[in-house]
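Take a look at the letters that make up each chain.
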Amino acid sequence: MTIEVARRAVIGGVGSALPKRRVDNAELAAQVDTTDEWIVERTGIRTRYIAGDGETTATLATEASRKALEQAGLEPGEIDLIVLATATPDQTFPSSATRVQAMLGVGDCIAFDVHAVCTGFLYALSVADAMLRAGNADTALVIGAETFSRILDWEDRTTCVLFGDGAGAVVLKAEEGTRGILATRLHADGRHSDMLYVDGGPSTTGTVGKLRMKGREVFRHAVVNLADVLTEVLGVAGLTADEVDWVVPHQANARIIDATARKLGLSSDRVVLTVDQHANTSAASVPLALDVAVKDGRIKQGDLVVLEAMGGGFTWGAAAVRF
Ligand code: UT7
């Protein structure tokens, strides 16, 4: 279908960053009662990256942002807006977005964090898109960055094998044309907050807390919600699944990704899969996977790309982007 010319947020650059230390399943199997075989069969995960001393959500976010700015051909001082999605900020406040602003050397701009756990990047992208289209900013850095390793219970085999750390960033530029973010759709249902949560917080226990998850229930909701929101966002953009060049899904579990693609009749060779390398990096997972597929040449200018994620809350969302 024809997309009308309008002011849109175009992705001008993508970047990512991973901690130095890579941990494979065998290393975890030496610490908790698990096996490489179980993890690969149930999740598709083979390795994850774990932040070490001096590596934080904001340092990883800054490294990813530098690469995205370089690809976009922009200097830090040209950025008007920074939206950083994270559930694992460096501090309760100030926001990690303002830490990134300072580390990059961006001058006066708008900077804030959004918190929608694994759906955070889709929420951040949607907010930045709206602000660019409304004329509040002409350029934006949208970042997903996490250090979930710091909120895992390393004695709980049902969760500690599933997550990793990392960051991904995109530069958005407001342009008149047919490229850019075509549509976004966001959802939340707070009735399911006990299925995926952290058992602490500043206003309750005064501690950071550890991640807890009822994996099987989350799995069941994920497949339904993700298939629904993908169908919804394509409908809003006036597109069909046949027109999609690439799906960049949240990387929680290869089985969730396969089941969602099958529900929509999308062939798996159009789905970007990085969960094997990165595990679940929450808000970082979609921009990390996007960066992999842009850098290896799969995603090209003009491609129709759909992004989707689902996480704690529950929250879920999707975006359709003409690259
Ligand atoms: O990012 C936000 C969204 N998060 C997700 O989307 C995660 C969604 N959930 C999942 O990905 C999957 O449910 C899991 C990977 C978490 C679990 O896979 P499952 O196939 O649903 O397994 P299960 O929870 O039903 O557990 C099966 C068995 C259990 O043993 P019993 O009760 O059958 O004897 C578990 O105790 O596997 C056992 N188990 C493990 N065994 C070896 C659980 N974790 C492990 C482990 N190693 N690490």
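Caption draft 1: A look at the overall build of the protein. Of the regular secondary structure elements, the protein holds ten helices and 13 strands. In terms of C-alpha radius of gyration, the protein reaches 18 Å, essentially the compact-globule figure of 20 Å for 323 residues. Across its three principal directions, the C-alpha atoms of the protein cover 55 × 45 × 40 Å. For the protein, buried positions account for 57% of its 323 residues.

Caption draft 2: Inspection of the sheet that holds strand 4 (residues 81–85) at higher detail. Judged by pairing direction, the sheet is mixed, and its five strands sit side by side in the order 1-7-6-4-5 without closing on themselves. Edge positions in the sheet fall to strand 1 (6–17) and strand 5 (110–114), since each has one partner strand and no second. Looking at each pair of strands side by side, their axes are set apart by 20° on average, direction ignored. Pairing of strand 1 with strand 7 (residues 165–177) involves eleven bridges; the strand directions are antiparallel.

Caption draft 3: Geometry of the packing of aromatic side chains. With the rule as written, the count across this model stands at one aromatic pair. Just above the ring of W246 sits the side chain of R298; from NZ or CZ to the centre is 5.8 Å.

Caption draft 4: Looking closely at the site of the ligand. Every one of the 24 residues lining the ligand counts as a neighbour, but T34, R42, R216, N253 and N280 are closest to it. The separation between an oxygen atom of the ligand and a polar side-chain atom of H250 is 2.9 Å. For the ligand, whose unbound accessible area comes to 960 Å², protein coverage reaches 77%. Within the residue set of the shell around the ligand, elements represented by two or more residues are helix 2 (36–43), helix 6 (157–160), helix 7 (215–237), helix 8 (254–264) and strand 12 (304–311). Among the elements that line the shell around the ligand, the one with the most residues is helix 7, at four residues.

Caption draft 5: Highlighting the confidence of the model for the protein. Within the protein, residue pLDDT values average 97, and 99% of them lie at 70 or more. Mean pLDDT in the protein bottoms out at helix 8, which sits at 95, and peaks at strand 4, which reaches 99.

Caption draft 6: Focus on the environment of V10. With respect to the element layout, V10 can be found in strand 1. Taking relative accessible area as the criterion, V10 reaches 3% and is therefore assigned buried. Excluding anything up to four places from it in sequence, V10 contacts V171, L172, K173, E175, R179 and G180.

Caption draft 7: Region of interest: the pattern of salt bridges. Going through the model one piece at a time under the given rule, you end up with 14 salt bridges. Taking the shortest distance from any N to any O, the salt bridge between D138 and R7 comes out at 2.9 Å. Highlighted residues: D138 in the loop between helix 5 (120–134) and strand 6 (139–147) and R7 in strand 1, separated in sequence by 131 residues. Among the ionic pairs, R133 bridges to D129, the shortest N-O distance being 3.2 Å. Taken as a pair, R133 and D129 lie in helix 5 at a separation of four residues, close to a single helical turn. Judged by its relative accessible area of 44%, R133 falls in the partly exposed class.

Thresholds, definitions, all that
- Counting from 1, residues in each chain are numbered in the order their sequence is written.
- Thresholds applied to this predicted model are a pLDDT of at least 70 for local features of residues and 80 or more for the giving and counting of side-chain atom pairs; totals over whole chains, interfaces and linings are not thresholded and use all residues.
- The side-chain values count all of the structure's non-hydrogen atoms but skip hydrogen atoms and water molecules.
- In this description a helix means any DSSP run of H or I spanning at least four residues, a strand means any run of E spanning at least two, and both kinds are numbered starting from the N terminus.
- For this measure, only C-alpha atoms enter the radius of gyration; the expected value for a globule follows 2.2 Å times N^0.38, where N is the number of residues.
- Relative accessibility under 20% of the residue-type maximum defines a buried residue, over 50% an exposed one, and the middle range a partly exposed one, all with a 1.4 Å probe and only protein chains included.
- Only when DSSP finds a minimum of two bridges between them are two strands counted as paired.
- Where helices are involved, their axes are fitted lines through C-alpha atoms of the stretch in contact, as for all axes, and angles between N-to-C directions lie from 0 to 180°.
- Any Phe, Tyr or Trp ring, taking Trp's six-membered ring, that has another such ring centre within 6.5 Å forms a pair; planes under 30 degrees apart are called stacked, those over 60 apart edge-to-face, and the others tilted.
- Ring-over charges, as used throughout, are those where CZ of Arg or NZ of Lys falls within 6 Å of the ring centre and within 35 degrees of the ring normal.
- In these notes, residues near a molecule or strand are those with any non-hydrogen atom within 4 Å of it.
- Think of a polar contact as two N or O atoms within 3.5 Å of one another; within protein, one of them needs to be a possible hydrogen donor and the other a possible acceptor, and neighboring residues in sequence only count if both atoms come from side chains.
- We get accessible surface area from the Shrake-Rupley algorithm with a probe of 1.4 Å; when it comes to residues, only the shown protein chains can shield them.
- A score between 0 and 100, pLDDT records how confident the predictor is in each residue.
- Residues count as neighbours in contact if any of their non-hydrogen atoms are within 4.5 Å of one another.
- Here a salt bridge means any side-chain nitrogen of Lys or Arg lying within 4 Å of a carboxyl oxygen belonging to Asp or Glu.

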